[in-house]
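One letter stands for each residue in the lines below.
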Amino acid sequence: SLSLLSLSPSNMVQQHTFPILKNSEILLCLNELGIPANDKDLTDPNPMRTQQMYGQFAELLLDKTAAYSHCPHLQDLAGMQELEFPELHEESTQAAAFFAGCRKLMLVAGIADFGLVDLIKPEYKRLRRNVSAVINLAKFREEKLPAYIDFTQETEALAAQKSRLEDENERLTADV
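Predicted model only: the values in this text are computed from it and were never measured.

**Q** Looking at this model, I keep getting lost on the packing of aromatic side chains. Mind explaining?
**A** Centre distance and the angle of the planes are the two values used to describe a pair of aromatic rings. Summed over the entire model, instances satisfying the criterion amount to two aromatic pairs. Ring centres of Tyr 54 and Phe 114 lie 5.2 Å apart, and the angle between their planes is 75°; this geometry places the pair in the edge-to-face category. Within this pair, whereas Tyr 54 is found in helix 4 (residues 47-62), its partner Phe 114 is found in the loop between helix 5 (90-109) and helix 6 (117-120), the two being separated by 60 residues in sequence. Across the pair, exposure class does not vary: Tyr 54 and Phe 114 are buried alike. Between the aromatic rings of Phe 99 and Phe 114, the centroid separation amounts to 6.1 Å while the plane-to-plane angle is 20°, which identifies the pairing as stacked. Here Phe 114 lies in the loop between helix 5 and helix 6 and Phe 99 lies in helix 5, a separation of 15 residues in the sequence.

This is the structure in structure tokens:
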């Protein structure tokens, strides 16, 4: 059974709080998540395939598209008007947004030392650790999501009831 995440900064830096999964377990979980992968993707990772995997994780768990189409437009970024050819930086802003999304995902999953090297020169050991962390997060989310939905619906129902009672109180106060 996968342990719950501990997001305290001291735990994130010193040690991870999730099990490092075997390759077969990782591949099974990736398949369940709808992320196609094979053993070679883990044991001999290439940057393109690894980036696709992280993008799919971000899409599933952070509700962001893999291409980060919600990147700010160049004219909306501070300082872009100072560049002579801002259009040359469109791809770099998308890459920076992609990295920021991956970094956020990894921090939430308990990986504090995720860096660009994990995307451009992936290594088996770190990829296995990172994917294990994200799978742990996905399982935790899946386990807690029904309770969250129930609490959200209950909160909405109570807010609607409160509003009705306030309206009734207002009406009765006016009648008095």
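**Q** Please clarify how the pattern of salt bridges should be interpreted in this entry.
**A** Where side chains of opposite charge bring their charged atoms close, a pairing between them can arise. In the structure shown here, the tally under the stated rule is eight salt bridges. When the shortest N-O distance is used, the salt bridge between Arg 49 and Asp 41 registers 3.3 Å. When sorted by exposure, Arg 49 lands in the same class as Asp 41, which is buried. Notably, a salt bridge pairs Lys 144 with Glu 143, separated by 3.7 Å at the nearest N-O pair. Owing to a relative accessible area of 39%, Lys 144 belongs among the partly exposed residues under this scheme.

**Q** Even after reading the chapter, I still don't get a nonpolar patch on the surface, so can you show me in this structure?
**A** A cluster of nonpolar residues, Leu 145, Tyr 148 and Ile 149, forms a patch on the protein surface that exposes about 290 Å² of accessible area. With respect to the helices and strands, Leu 145 occurs in helix 7 (residues 124-175). Under the relative-accessibility criterion, Leu 145 is labelled partly exposed at 34%.

**Q** Got a minute to help me understand the side chain of Asn 130 in this structure?
**A** Along the polypeptide, Asn 130 turns up in helix 7. At 3.0 Å, the side chain of Asn 130 and the side chain of Tyr 54 are in polar contact. A polar atom in the side chain of Asn 130 sits 2.9 Å from the side chain of Arg 129.

**Q** Help me understand the side chain of Asn 23, please; the structure alone is not making it clear to me.
**A** Here Asn 23 is to be found in helix 2 (residues 23-32). Of the polar contacts made by the side chain of Asn 23, one reaches the side chain of Tyr 124; its length is 3.1 Å. Not counting chain neighbours up to four residues away, the residues in contact with Asn 23 comprise Asp 39, Leu 42, Thr 43, Tyr 124 and Arg 128.

**Q** Hey, could you run me through the environment of Pro 36 in this one?
**A** Position of Pro 36 relative to the elements: it lies in the loop between helix 2 and helix 3 (39-43). Classification of Pro 36 by relative accessible area gives exposed; the value is 53%. A C-alpha to C-alpha distance of 8.4 Å links Pro 36 and Met 53, two positions 17 residues apart in sequence. In this structure Pro 36 touches Asp 41, Arg 49 and Gln 56, once residues within four positions along its chain are discounted.

The rules behind these values
- Residues numbered from 1 in each chain as written.
- Predicted model: local features only at pLDDT ≥ 70, side-chain atom pairs only at ≥ 80, totals over all residues.
- Heavy atoms only, no water.
- Phe/Tyr/Trp six-rings, centres within 6.5 Å; stacked < 30°, edge-to-face > 60°.
- Helix = DSSP H or I, 4+ residues; strand = E, 2+ residues; numbered from the N terminus.
- Buried < 20%, exposed > 50% of the residue type's maximum accessible area, 1.4 Å probe, protein only.
- Salt bridge = Lys/Arg side-chain N within 4 Å of Asp/Glu carboxyl O.
- Patch = residues over 30% accessible without salt bridge, like charges linked within 9 Å, V, L, I, M, F, W, Y side chains within 5 Å.
- Areas by Shrake-Rupley, 256 points an atom, 1.4 Å probe, with all protein chains shown as cover.
- Polar contact = N/O pair within 3.5 Å; in protein donor to acceptor, adjacent residues only side chain to side chain.
- Contact = heavy atoms within 4.5 Å.

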